[in-house]
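# Residue-level structural notes
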Amino acid sequence: MNQIKIDPITRLEGHGKIDIFLNDDGEVENSYFQIPELRGFEQFCVGRPVEELPRITTRICGVCPEAHHMASAKACDAVFHADPPPTAKKLRQLLYNVFFAGDHTTHFYALGGPDFIVGPTAPAAERNILGVIKKVGLEVGGKVIEMRKRSQEVLKVLGGKQTHQVTSLPGGVSKGITPDEAQQIEQHCLWFVEFGKFTIQAFHDIVLKNKEYVDLILSDAFSHKTYYMGLVDDDNRVNFYDGKVRVVDPDGKELVKYSPNEYLDNVAEHTESWTYLKFPFLKKVGWKGLVDGKDSGVYRATPLSRLNAADGMPTPLAQAEYDEMFKTLGGKPVHATLATHWARVIELLSAAEMALALVRDPEITGTQIRTIPTQTPTEGVGIVEAPRGTLTHHYVTDERGIVRKVNLIVGTTNNYAPISMSINKAARGLIKKGTPVTEGVLNMIEMAFRAYDPCFGCATHALPGVTPLIVRIRDRNGEILEEIIR
Amino acid sequence: MAFEPKIIGFLCNWCSYTGADLAGVSRIKSAPNVRVIRTMCSGRVDPAFILKAFQLGADGVIVMGCHLGDCHYQEGNYKTIRRIPFLKRLIQGFGIDPRRLRLEWVSASEGDRFAHVVNEMTEQIRNLGPLTLAVHGEMQQHVAHH
Amino acid sequence: MAKPKLALYWAASCGGCEIAVLDIHEKILDVAGAFDIVFWPVALDFKYADVRAMQDKSVDLCLFNGSIRNSENAEIAHLLRAKAKTLVAFGSCALEGGIPGLANMTTKDDIWKWVYKDSPSTVSNNGGTFPQTHSTMSEGAIEIPEMWETVKSLDQIIDVDYYVPGCPPQPDQIWGVIEYILSGKPLPPKGTVLGAGEKTCCDECPRERAEKKLKKFYRPFEIETDPNKCLLDQGIVCMGPATRDGCGALCTKANVPCRGCYGPPPNVIDQGAKMVSALSSIIDAHEPEEIESILDQIVDPLGTFYRFSLAHSILRRVEKL
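Owing to the predicted nature of the structure, the values given are computational and were not obtained by experimental measurement. (Residues numbered from 1 in each chain as written. Chains lettered and ligands numbered in written order. Predicted model: local features only at pLDDT ≥ 70, side-chain atom pairs only at ≥ 80, totals over all residues. Heavy atoms only, no water.)

The next subject is the interface of chain A and chain C. In this assembly, 101 residues from chain A lie in contact with 89 residues from chain C. Buried surface at the junction of chain A and chain C, summed over both partners, amounts to about 8,300 Å²; 60% is from carbon and sulfur atoms. Across the chain A-chain C interface, the total number found is 6 salt bridges. The salt bridge partner of C:Glu26 is A:Lys149, with a shortest N-O separation of 3.3 Å. At the junction of chain A and chain C, the tally comes to 42 residue pairs in polar contact (both at pLDDT 80 or more). For the side of chain A that touches chain C, the leading source of residues is helix α7 (residues 138-159) of chain A, giving 5 residues. Among the residues making up the side of chain A that touches chain C, the classes are represented as 46 nonpolar, 26 polar and 29 charged. The sheet contact formed by strand β9 (residues 267-270) of chain A and strand β6 (residues 122-123) of chain C spans 2 bridges and is parallel. Its bridge partner lying in β6(C), A:His270 is registered against C:Val123. (Contact = heavy atoms within 4.5 Å. Buried area = accessible area lost by both parts, 1.4 Å probe. Salt bridge = Lys/Arg side-chain N within 4 Å of Asp/Glu carboxyl O. Polar contact = N/O pair within 3.5 Å; in protein donor to acceptor, adjacent residues only side chain to side chain. Helix = DSSP H or I, 4+ residues; strand = E, 2+ residues; numbered from the N terminus. Nonpolar A, V, L, I, M, F, W, Y, C, P; charged D, E, K, R; others polar. Pairing = 2+ DSSP bridges.)

Written out as structure tokens, the structure reads:
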């Protein structure tokens, strides 16, 4: 059987590789998306003082350390049965929403976005931020850099460090903000909202006004009917920081709404021997393999999933765009994987609006920022929405608060099954008998992956020229049949 | 061949080293397994020296200093009396039996005490057996150095 | 004239070092203008085959972050060493193993047993489905790298030219290093630590320091601390005395103790040994019982003192028992 290898996958989550097997007719027999590494956080956190975990688990990911920091902080609060004072919670949420807006920016403009904004059939050399700039104007590059700069500045004030925040403790945060700092942050947040509006408009102008792209979004090759998961507040509106986990079925009906402590009743992880990563699935439905549908426990946890699972957005401007998206795409739930990019920019705007509201809250400059724990630590679960999916941290400690057990279900992990399926489906849809396997075809296969947003965003980076990829197709004897260089 | 423990002994110049000399001059028999390194004070013994000794193949390490109150530098051995118990906890965390690290006060006039301590420790390490550490294997391949 | 070639790579890493490079913000355009970036998996579509096809020593500068956790990390490290003129160990993981190095406190077996069998959300059949390096599927053969028993730093497997510490290295320091390289001035002696200071974190910390005589230690969540006084003075274990400066003392400024991410200071080869020494000097007790009860209050010394540097410490790993 002919074998196409993509190694490593790029403009994505750290390490991964794809193997596509073609039968003698030149059609896709199957594909495997393998994750080649494991670092072992769950095990090496055992024996650590639990209050150190918000600073250790950030190193799971240096692009979304904020997500791990917050999930960990909330798990620590739960372990110590210590409820942070309102100001502390609001400071954490302010940090979190600013982070969310910044993170979605990097993905949209520099990573997954270029495929979309510039177009899947565009030359490889243009499928990057430079191509984006050419398409939407020189201003954009500067704006994106400014967005990252401003959001990182705010994160440094609130989190201590831009990357790998340090300020959350069980029961609160280690530092508050002064009225001056609040004012500066407010100015930034006003800018973020404008930038969010600008991004939405850019999405409309470049993507939605282009019929070819809309057709692509709605095409079957990039569609899966799965369950959808996301955190919602008491009004079933999207909330990135807190709430209950709501799961809806492929028809949009609520399957379950569970609180963090109930996650083990709902999610389990399937293992395969050909990869280091596990496949989460819904226990109530069961593992049926890498397949779509109501009978398969495969679910997706992405910006699109969050919008599918919720009844609306928590902020007005984002809500308007939420309505617009579902109207345009034919109602809820939307199954089109590439629509995730749209959902992402809606969340970007929502996060900016939320941050602005939080920094204007009079309690944000309060001085009560710590609840000193008094109860014996035991066990706790903290769940937040990471930009790329629902993130669960579960800790068990001894009576001194030294960690005994850790279980983590991480954002991108939720989507391992659907990503594998998306790659397979895209490969089948695009590689047909008689069709030469061009680099454009390979890139479209990678597009199926990128919509999920890798755990790694690469921001405002001017990406020069050549992006070569060499693909060699070999026959059964290892002889090279064809070599494609892009 | 029977196992002969390799023990590194850090002896302070003013008390313990002189006490060791006294043992020698007095012809008091003691096991030859302790390789002596003289430091001016037991407080000079950096924990890194001790870890390095284990890394390089020592089966045991003993630190000897002046009795409390007798330190030539007043307070050096007060630091030692905290450092060694602390370091024992650290090496235990690494999986090294803490009995392989020992602290003893031996004065300049305690030649017999020196010999007694050396003999006792040598026996104890003989019973514990040779110390093999993962890092020993690594050191063979070690290209870059600290 | 051709631009000098730049490569960036991540081994067992979190991506934070890449983000730190991007946090030089608009200056990244200067970098892209000055260099031809020939390999950077996070941002560009070059594959391993492209690197293999390069001439030896054709890459002028390679910034390598991440620790060596598996066979692929090592393979690419050797590959990039061959292709690069100057190879820089970038960030705490490459320098001293970093947070992934904490896995040297456990074993590969124990990690696998938890992840693939015993964790409460894992569904395992027949006592666990463990990853195989080679798998023969009905369609053909596929493979994944082998996970090593012990995490290593970069210079434990290849020759390294320079070191840039930090988790991550701070952006202003990164720019300082790049700016120096672009200036064309002669490079410092091989093995130099760049982008950091020559003292300890205490030197950058603005807090007031008093004479230290400690009879009690607290964990950071147990008390509210005075933001102006040294944390160690207040009984909070802080790695400042055993950590190289260069980060700007960001953590202590945020009211939490330093945890040592800039690695050991000059002439210190083991952060744990240094902290044992430093804390022993300031503990105010000399009765063995009192000493032991004070030491009981310092929880998890191994995991705290070697938080970032276990793989590069003198003993490197905990023994398998």
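The subject of this paragraph is the interface of chain B and chain C. In this complex, chain B contributes 32 residues to the contact, which on the side of chain C involves 35 residues. Roughly 3,200 Å² of surface becomes buried between chain B and chain C when both sides are summed, with 66% attributable to carbon and sulfur atoms. When the buried surface of chain B facing chain C is broken down by residue, B:Arg82, B:Phe86 and B:Phe94 rank first, second and third, together holding 26% of it. The tally of links from chain B across to chain C stands at 4 salt bridges. B:Glu138 serves as the salt-bridge partner of C:Arg316, at 3.3 Å between the closest nitrogen and oxygen. The interface formed by chain B and chain C includes 12 residue pairs in polar contact (both at pLDDT 80 or more). Contributions of two or more residues to the side of chain B that touches chain C are made by α2 (47-55), α3 (76-94) and α5 (134-141) of chain B. Of the residues forming the side of chain B that touches chain C, the biggest block, 12 residues, is contributed by α3(B). Each residue belonging to the side of chain B that touches chain C can be placed in one class, and the counts come to 18 nonpolar, 7 polar and 7 charged.

Our focus in this paragraph is the sheet that holds strand β4 (residues 101-105) of chain B. Residues and elements named next belong to chain B. Strands sit in the order β2-β1-β3-β4 across an open sheet of 4 strands; the sheet is parallel. The sheet terminates laterally at β2 (34-39) and β4, the two strands that pair on one side only. Between one strand axis and the next, the sheet turns through 20 degrees on average, direction left out of account. Taken together, the 5 bridges between strand β1 (residues 7-12) and strand β3 (residues 60-65) define a ladder with parallel strand orientation. By the bridge assignment for β3, Ile-7 is matched with Gly-60. Where helix α1 (residues 16-25) meets the sheet, it contacts β1, β2 and β3, and its direction lies at approximately 115 degrees from that of β1. Sitting on the sheet, α2 touches β1, β3 and β4, and the angle it makes with β3 is about 150 degrees. (Axes fitted to C-alpha atoms, helices over the stretch in contact; angles between N-to-C directions.)

A few words on the confidence of the model for chain B. Residues of chain B with pLDDT of at least 70 account for 95%, and the chain-wide mean is 94. Of the two predicted TM-score estimates for the complex, the pTM is 0.93 and the ipTM is 0.96. (pLDDT = per-residue confidence, 0-100.)

Turning next to the pairing of strand β6 (residues 227-232) of chain A. Residues and elements named next belong to chain A. With 6 of its 6 residues buried, β6 lies for the most part within the structure. Taking every second residue as pointing to the same face, both faces of β6 are buried, with Tyr-227, Met-229 and Leu-231 on one and Tyr-228, Gly-230 and Val-232 on the other. Here 2 bridges tie β6 to strand β11 (residues 299-300), and the two strands are oriented parallel to one another. From the neighbouring strand, Tyr-227 faces β11, where its bridge partner is Tyr-299. (Buried < 20%, exposed > 50% of the residue type's maximum accessible area, 1.4 Å probe, protein only.)

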